[in-house]
Amino acid sequence: MSRLTAEFWVAAYRQRLSLEGIPAFVTARGDATAGAVLVKLNTLDGQACCYQRSFDLMSGERTWVVLAEGAEEEVDAALAKQCSFDPDLWVIEVEDRAGRHLLDEPGLSD
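A. The arrangement of the pattern of salt bridges in detail. Tallying each qualifying case throughout the model produces five salt bridges. Notably, a salt bridge pairs Glu-7 with Arg-29, separated by 2.3 Å at the nearest N-O pair. With Glu-7 in helix α1 (residues 6-19) and Arg-29 in the loop between β1 (24-28) and β2 (37-42), this residue pair connects regions lying 22 residues apart in the sequence. Among the residues examined, Arg-29 registers a relative accessible area of 55% and is labelled exposed. In this structure, Lys-40 and Asp-76 form a salt bridge, with 2.6 Å as the shortest nitrogen-oxygen distance. Of the two residues, Lys-40 is situated in strand β2 and Asp-76 in helix α2 (residues 72-85); the sequence distance between them amounts to 36 residues. Residue Lys-40 is classed as buried on the basis of its relative accessible area of 3%.

Below you can see the structure in the form of structure tokens.
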């Protein structure tokens with residue numbers, strides 16, 4: 001089975017969020033085909049959480065895990081550090097007071 005390109009996945013994810021009325025912005029554009037994707041959830045109260053895809057060695061599945069969470073400034077610092085290591089990285093910022101990111105929805109969770 002072939003994998004989706006990063007650019008296609010980002011566009012589809014942003015469309016899913018848009019359908020739910022959740023604003024999302026690409027704050028770092030990585031490699032169009034193979035760049036990794038980080039999702040920053042900004043709850044607009046000074047707090048944020050950043051998610052990254054991880055491979056679970058026990059189950060063989062790819063899952064979304066928390067990379068950093070807490071004060072937005074701390075999460076932004078963690079993102080900046082990751083971007084300095086990986087210029088191919090995509091960063092999507094999702095803004096939702098209710099904390100919705102949809103990463104646990106079918107089609108996005110796997």
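B. Quick peek at the packing of aromatic side chains. Applying the stated criterion across every chain, the model contains two aromatic pairs. Consider the rings of Trp-9 and Tyr-13, whose centres lie 4.9 Å apart with planes at 20°: the pair is stacked. Residue Trp-9 and its partner Tyr-13 are located together in helix α1, separated by four residues, close to a single helical turn. Of the residues examined, Trp-9 reaches a relative accessible area of 13% and is grouped as buried. With centroids separated by 5.6 Å and ring planes inclined at 35°, the aromatic side chains of Trp-9 and Trp-64 adopt a geometry described as tilted. With a gap of 55 residues between them, Trp-9 in helix α1 and Trp-64 in strand β4 (residues 62-71) connect regions that are remote in the sequence. With respect to burial, Trp-9 and Trp-64 carry one shared label: buried.

C. The sheet that holds strand β5 (residues 90-95), seen in detail. Overall, mixed pairing links the five strands, which are arranged β1-β5-β2-β3-β4 in an open sheet. Looking along the sheet, the strands with just one partner apiece sit at the ends: β1 and β4. The mean inter-strand angle of the sheet, taken between neighbouring strand axes irrespective of direction, is 25°. Pairing of β1 with β5, which is carried by four bridges, proceeds in the antiparallel orientation. Within β5, the residue paired with Ala-28 across the bridge is Val-91. Contacting β1, β2, β4 and β5, α1 crosses the sheet at an angle of about 5° to β5. Contacting β1, β2, β3 (47-55), β4 and β5, α2 crosses the sheet at an angle of about 130° to β4.

Parameters and conventions
- Residues numbered from 1 in each chain as written.
- Predicted model: local features only at pLDDT ≥ 70, side-chain atom pairs only at ≥ 80, totals over all residues.
- Heavy atoms only, no water.
- Salt bridge = Lys/Arg side-chain N within 4 Å of Asp/Glu carboxyl O.
- Helix = DSSP H or I, 4+ residues; strand = E, 2+ residues; numbered from the N terminus.
- Buried < 20%, exposed > 50% of the residue type's maximum accessible area, 1.4 Å probe, protein only.
- Phe/Tyr/Trp six-rings, centres within 6.5 Å; stacked < 30°, edge-to-face > 60°.
- Pairing = 2+ DSSP bridges.
- Axes fitted to C-alpha atoms, helices over the stretch in contact; angles between N-to-C directions.
- Contact = heavy atoms within 4.5 Å.

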